[in-house]
Amino acid sequence: MGNTPRATRRYSARSPLVGYLLRRLGTSVLLLFGVTIVTFALANLVPGDPIAAALGEGAASNPATVEAYIQERGLDQPLPVQYVNYIGGLFQGDMGVSLRTAQPVASDLSKAVPATVEIALLAIVVSLGVGVALGSLAAYRRGKLSDQLVRVFSLIGLSIPTFWMALVSFNFFFLQLRIAPGSGRLSPALAPPPTVTGFYTADALLAGQWVTFTDALAHLMLPVFVLSLFTIGLLTRFVRTSVLEVLDADYVRAGRAKGLSGPRLLFGYVLRGASLPILTIVGLAFGTLLSGTVLVEAVFAWPGLGSYAYNSATSLDLPGVMGVGLVVGVVYLTINFAVDLLYGVLDPRVRLA
Amino acid sequence: MRTKFRYVAAAFGLTASLALAGCAAAAPEVSDSIVIDTAFTLETSDPGRNYVPTGYMVSKALYETLLDFAGSDESTPVDGLATYESNDDATVFTFTLKDGRVFSDGSAITADDVVFSLNRVAGMTESKANFLMNGITVTKVDDMTVELSTETPSLKLPALMTNPSLAILNSALVIENGGTTDDSDAAEAFLNETSAGSGPYILDTVNFESQVVLTENENYNGDEDIDFTRVVIRNVSEAATQKINLEGNDSQVAVDLSGDQVASLSDGINVFSTPSAQTIFLLINQSEEVGGMTANPDFANAVRYALDYPALLELAGAGSEQATGVIPPSFLGALENGVEQDLDVAAASLEASGYDGESITLEYPNDYPVGGVSFTPLAERIQSQLADAGITIELAPAPFTTQIDSYVNGTEAFSIWFWGPDYADSANFLPFSAGQKVGLRAGWTAEQDADVVNLAAAAENATNFDERETAFSNFAEALQQRGPFVPLIVPGSNIATASYIDGVAYNSTWTMDIAELQAK
């Protein structure tokens, strides 16, 4: 009996888990393919003249310039051919050239994505820590004053417009209290650390640049704070509801009856039981943070994915728009994939199913 | 219970420790540096390929041109790297380089550099700046002299030679790094890493999405005496953030503040407000097929005299002015006074037009403020004023990227748009003539007003500056009286700086010359 579980975990090509993984990967690739079709179609159906938008009045009235521009980017080809060229380029890591920045989209995104992931990761960690703590507290203290206070706090977090909160907090913590730095990822006097991960904090540590690390970390604080508020509100309410449900479960009562309390009961029974729905919300929240930070990035002059998406869309930069669409698609697919895998880790019943 | 609170305390502790890290990292002292916040339009550091505002600001600091403008005066070019004279026909312009000027690597600037730089732009057909060299032939006379010639009179040529796209590059260095005078040019990558000019600054680092850093050119021997040896130009797209950064001394210059934001700045901030070079105007289509009622010139006249221009100007804020014509005030030929409201003339014109109360649709971009002027409140006020004059307006806003198509294709009957010069010369406003680009967008063909066509030709072909100024004034006057455009507002340009900074001068092409910024 003792060897049986170990035997089932020796994954072979025929094992259910490997099959499941391969199926999920196949589905993800198909979905990704669908994402490229949708983003390409949407980008090319948008009304407006992207060439005129990219060249400006003067250059757009010069036929030689327009012709050279069209030829160089293959815009004279039929749309299906352009799509095939686009897909062919993707396989070689070529996402096209941005009409707005005139740089390769892949190069633009390689700078924008880490900037956003850095704040999104920190925001989700903070949100998870605070949200789980507050949600658990509210559930344990159901109906008490602390429960009421936590619910009011979470409601405020959910209700305050992020853009407004960003402006107010920037004004208050930077301009009035002077305890936060100005906008951007680093103070103007500092040069970015050598790029390894694209995260300024991690890269600064890797390069041993302590001043740059603390400065980069300081610049993360306000965007993370603002981004976290909504997610904390969301998670707090969700954790409270989930924990309340689990608190009434038989196995928790049995745990209590055995004399368990405090951390062992909370982490070993309650949160483990409530973890699946919480995990779903965390995954979705992380995806939203990655793709929906445009307003916060605008306020804090954060050169991330949100800013890039907004600027690309408003300037009819179709390759830029398609690049962002692809990245967001990959992000959501990856998160869903990871969440599904974690389901199996957290709950053996899911693994067996 | 204490245990539960420990978890909460731990969560808050994490947040607090991160916040303390924020407090710990104070911004370093940067007394010889200056930080400029602006909403980026930047796609290259190659001046020959650049044609966007932030790019111009950067190029202006890194490179020099044959001619220049003094401060905010864009009516007359002054000497730059060279002095110039032209023949009586204004078809041959001879530029003589100043002695002793050098590039940042110490090598001398010669006629070969001028010929290469200008021919490079002319040869790169994919460059957005390529059209600036249309019809211009460049010939070397001797090591210090270059001749630029055109087939027809071209008094706009001196103004063109102030454009940073036509900056003079170190030809030997650029050729060594892939530079050519045709479409095979491959020097952009090199010029995106380093600068090859003679300006007061050299390029340190550039990130097209976030910031550009410039440092002092140790070999610069021009007229500028720079006070700031390091310049950081940051991309801050939100004007409210620019304002907070400036007030919090995280930056020293904010370029894109609106009139309202300027009015609420804290003490100790300098503001340089001046009319920009943009003109916001009403387009009244003269094609019966497109506009129906609007095609009647009397209807355009009724609109022209029905509007209360000072009331519209209230929406624009600091630095703005009523547009006196399609040519903005800082340019040659701009009219002294704009149209004044005259409800009697408006009523008579409306009656003469045969208008019988039908609703006219007013289209405009609702997500694209120009110089801080949002078009939605402007359209609403126009609607209200025209209603008082008996004209029924229905508003039809749309996003800029959607709206621009119908504007460019001339399918809008009645709309609000704007126009900014591509280069600093009044010739930029000749497209408003009948039969020209903007005129045709308003359904105004050459056959509809031969007189305006002749006035535009006279302005285009003038051979001396006095004659030219008169010709442009006559053109602007004719448009003001009977054109299908109703110029409304020239929005202000507001550049705000820390109190110790002086020397800001607005320019319609390069916004401001960074090298002219001085510490008081």
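Here is what the cut-offs are and how they apply
- Residues numbered from 1 in each chain as written.
- Chains lettered and ligands numbered in written order.
- Predicted model: local features only at pLDDT ≥ 70, side-chain atom pairs only at ≥ 80, totals over all residues.
- Heavy atoms only, no water.
- Contact = heavy atoms within 4.5 Å.
- Buried area = accessible area lost by both parts, 1.4 Å probe.
- Salt bridge = Lys/Arg side-chain N within 4 Å of Asp/Glu carboxyl O.
- Polar contact = N/O pair within 3.5 Å; in protein donor to acceptor, adjacent residues only side chain to side chain.
- Helix = DSSP H or I, 4+ residues; strand = E, 2+ residues; numbered from the N terminus.
- Buried < 20%, exposed > 50% of the residue type's maximum accessible area, 1.4 Å probe, protein only.
- Patch = residues over 30% accessible without salt bridge, like charges linked within 9 Å, V, L, I, M, F, W, Y side chains within 5 Å.
- Areas by Shrake-Rupley, 256 points an atom, 1.4 Å probe, with all protein chains shown as cover.
- Arc of directions from axis to C-beta.
- Phe/Tyr/Trp six-rings, centres within 6.5 Å; stacked < 30°, edge-to-face > 60°.
- Lys NZ or Arg CZ within 6 Å of the ring centre and 35° of its normal.

What follows is about the interface of chain B and chain A. On the chain A side, the residues contacting the 56 residues of chain B number 61 residues. Note on chain B versus chain A: buried area summed over both sides is about 4,800 Å², and carbon and sulfur give 64% of it. Our enumeration of links across chain B and chain A arrives at one salt bridge. One salt bridge in this structure joins Glu-209 of chain B and Arg-100 of chain A, with 3.2 Å as the shortest N-O distance. Inspection of the region where chain B meets chain A yields seven residue pairs in polar contact (both at pLDDT 80 or more). Looking at the side of chain B that touches chain A, the elements that each hand over two or more residues are helix 1 (2–24), strand 10 (230–235), helix 7 (239–247), helix 14 (400–408) and helix 15 (437–441) of chain B. Here the side of chain B that touches chain A takes 14 residues from helix 1 of chain B, the largest share from any one element.

A few words on the pattern of salt bridges. Inspection of every chain in the model, using the stated rule, returns 24 salt bridges over all chains. Residue Glu-118 of chain A is joined to Arg-185 of chain A by a salt bridge in which the shortest nitrogen-to-oxygen separation is 2.8 Å. Here Glu-118 of chain A, found in helix 6 (residues 105–140), pairs with Arg-185 of chain A, found in the loop between helix 8 (162–176) and helix 9 (200–206); they are 67 residues apart in sequence, far enough to count as distant. Each member of the pair, Glu-118 of chain A together with Arg-185 of chain A, is buried. Here Asp-37 of chain B ties to Arg-234 of chain B by a salt bridge, and the two come within 2.9 Å at their closest N and O atoms. Of this pair, Asp-37 of chain B sits in strand 1 (residues 33–38) while Arg-234 of chain B sits in strand 10; the two residues are 197 residues apart in sequence, bridging distant segments of the chain. The class of Asp-37 of chain B is buried, set by a relative accessible area of 0%. Take Arg-234 of chain B: its relative accessible area is 5%, and that puts it in the buried class.

Our focus in this paragraph is a nonpolar patch on the surface. All names here are of chain A. Taken together, the side chains of Phe-172, Leu-177 and Ile-179 make up a nonpolar region of the molecular surface, amounting to roughly 250 Å² of accessible area. As for its position among the elements, Leu-177 is in the loop between helix 8 and helix 9. Taking the relative accessible area as the measure of exposure, Leu-177 reaches 41% and is therefore partly exposed.

Residues and elements named next belong to chain B. What helix 12 (residues 343–353) keeps buried is the set Ala-346, Ser-349, Leu-350 and Ser-353. Along the axis of helix 12, the buried residues cluster in a sector spanning 100°; they form a single face. When the buried face of helix 12 is taken as reference, the exposed residues oriented beyond 90 degrees from it are Asp-344, Glu-351 and Ala-352. Tucked inside the fold, the buried residues of helix 12 contact helix 10 (297–306). Two residues or fewer after helix 12 comes Gly-354, characterised by a positive phi angle close to 85°.

So, on to the packing of aromatic side chains. All chains considered together, the criterion is met by 25 aromatic pairs over all chains. Relative to Phe-432 of chain B, the ring of Phe-281 of chain B lies with its centre 5.3 Å away and its plane at 80°, an arrangement referred to as edge-to-face. Of this pair, Phe-281 of chain B sits in strand 13 (residues 279–284) while Phe-432 of chain B sits in the loop between strand 17 (414–419) and helix 15, and the two are 151 residues apart along the sequence. Residue classification places Phe-281 of chain B among the buried positions, given a relative accessible area of 0%. Clustering of aromatic rings is evident, with ring pairs tying together Tyr-368, Phe-375, Phe-400, Tyr-407, Trp-417 and Phe-418 of chain B. We note Arg-185 of chain A situated over the ring of Tyr-200 of chain A; from NZ or CZ to the ring centre the distance is 3.7 Å.

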